[in-house]
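Descriptive structure summary
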Amino acid sequence: MNQALTQTGSHIQVLIPICLIAASVIVVLIGRRSSKWRDTLVMVAVALSACLSVIIFLKVFSSASGHIEYFLGYGWHGARYLKTGQPIGIVLRTDIFGAIMLLLITGLGLLAAVYSIPYVHHEITDARHTHYYTLFMLMLAGMTGIVMTGDIFNFYVFFEIASLSSYALVSITGKAESLEATFKYLLVGALSSIFIVFGIGLLFNATGTLNMQYASRQVTRIMTSGPDSYIYPFRYLIFASLALLVMGFSIKAALFPGHAWLADAHPVAPSSISALLSGLVIKATGIYPLVRFLFGVFVIQEGHYGSLLRPLFLTVSIVTMFGGSFFAIAQTKLKRMLAFSTIAQVGYIMFGIALITEMGIAASILHIINHAIVKGMLFLVSGIIIYQTGITDIADMGKLSYKMPITMLCFTVGACSMVGVPPLSGFMSKWVLANAAFKAGLPFLIVFLLLSSLLNAVYYFRVVAISYFGDPRIDIKKKEKPPAMMQVPVMILAILVVLIGILIKFPYHQTAMPAAARIFEIHR
């Protein structure tokens, strides 16, 4: 039977990546003839994907099972599963964590698309605008596919779409430093992909499936088998696969020691792309699949590897958050400082994951939401500063707040959130991380969170202090006003930072906690 089979799923799950990919193809066809129609198509496609993502989120949120599942492809006489319980064909499976990521990807993607309309004329030559928008939508399509797919083969396809698009977008300006950074990013990304594809191959060899849910059952069966069982030796393939996948996703997430590429790639990209790279791409291609494989496939919450992985992951997270902060303090360029700050914040996210508790995962999800919004806003603000004044050095921002009050107010809100000033969203996510460490019986780890936050204050408040109280070093020839299409997305994100911090009950208790509970659930 050649038809799409649905159970609790929705055709919308397929429509989101298809809409973005189809629009990217049409943009290529019409882009050189009419920039107006091209820009309109981009806005419509991304806005439509954002609206569909809201529907998906509501469907998942109201689902009794905590997820929706969509079957497509061939069914054998209407059957969806083999006798072994393995699903037939391609499965799209979206749970609460995936739905949260989907909202972030399309929501921040929409704001970045609006921001890009005036911004690209300043940063990118006219001949490359069509290339920019094509790659922009392909990157969004890849990320939406990653967070919705239920099988590893299609995960890897979408993973490569998102990765290759991001490589090209870093080099889109054609500047020497962009090309150099792209080359480094590509080499490190290729290494990551090699680790991942070999890890997937070993996992398939051990379990005989690429469906994530069924693979988790097979992994549990192998790991609980006795030495006399014929499947007992397969556990060594599981160990090797786990090690390769953790290394691959850790590089994409910019965790120590695979973090160096980020500091070169993110600052040289257009600011609209820097916002997506730091806010979304490292999470969709690094953190999200790491969580999905660790808990959804290798079921580390059962204790098979938890005792070994917890101290390793905690060490990596602490080194990452402190290393990123120390390097950020040493920077003189604003965007490069923000890039190293992203590395530090990934350390916080990994800290919650490393606890291997529901509360730790919930804290990480909350920090993912917070960081995506705040860091996206901060990079967009840096783009406005460059667009209006040409300033890239922090030392040259003296008294800039008096010339660009709204823009720098938004930056100050984001800076305070990153440091952890109450009642902003950053404080709430760090508070939950500290509480999770306490509940996990590791209260001494809270000291690392506090010390790292003090380091955050050093480099963020330095920028704020210079912009309000520093002496102007250059004569700023500012344009009249920043375009509204650049200013409004930044203001929306700044408002969200405040609202999430004040209305913490919904993003944490009603969203992050159920998502963590679903992730921690063992599937057999």
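On a predicted model such as this, the values are computed, not experimentally measured, just so you know. (Residues numbered from 1 in each chain as written. Predicted model: local features only at pLDDT ≥ 70, side-chain atom pairs only at ≥ 80, totals over all residues. Heavy atoms only, no water.)

A few words on the pattern of salt bridges. For the coordinates displayed, the defined rule picks out eight salt bridges. The salt bridge involving Arg38 is made with Asp39; its shortest N-O contact spans 3.1 Å. Since its relative accessible area comes to 3%, Arg38 is described here as buried. Residue Glu123 is joined to Lys175 by a salt bridge in which the shortest nitrogen-to-oxygen separation is 3.8 Å. Taken together, the residues span a long stretch of sequence, with Glu123 in helix α3 (residues 96-123) and Lys175 in the loop between α5 (152-170) and α6 (176-207) at a distance of 52 residues. (Salt bridge = Lys/Arg side-chain N within 4 Å of Asp/Glu carboxyl O. Buried < 20%, exposed > 50% of the residue type's maximum accessible area, 1.4 Å probe, protein only. Helix = DSSP H or I, 4+ residues; strand = E, 2+ residues; numbered from the N terminus.)

Among the surface-exposed residues, Val488, Ile492, Ile495, Leu496, Leu499, Ile502 and Leu503 lie close enough to one another that they form a single nonpolar patch of about 600 Å² accessible area. With respect to the helices and strands, Val488 occurs in helix α18 (residues 484-502). A residue is classified by how much of its surface remains accessible, and Val488, at 42% relative accessible area, is partly exposed. (Patch = residues over 30% accessible without salt bridge, like charges linked within 9 Å, V, L, I, M, F, W, Y side chains within 5 Å. Areas by Shrake-Rupley, 256 points an atom, 1.4 Å probe, with all protein chains shown as cover.)

This brings us to helix α1 (residues 12-30). Its 19 residues place the ends of α1 26 Å apart at the C-alpha level, agreeing with the 27 Å of an ideal helix rising 1.5 Å per residue. In this structure, the buried residues of α1 make contact with α2 (35-62), β2 (67-72), β3 (90-95), α3, α4 (129-148) and α5. (Expected span 1.5 Å × (residues − 1). Contact = heavy atoms within 4.5 Å.)

The terminal C-alpha atoms of α4, which comprises 20 residues, lie 29 Å apart, in line with the 28 Å expected from a rise of 1.5 Å per residue. The element α4 is extensively covered by neighbouring structure, given that 18 of its 20 residues are classed as buried.

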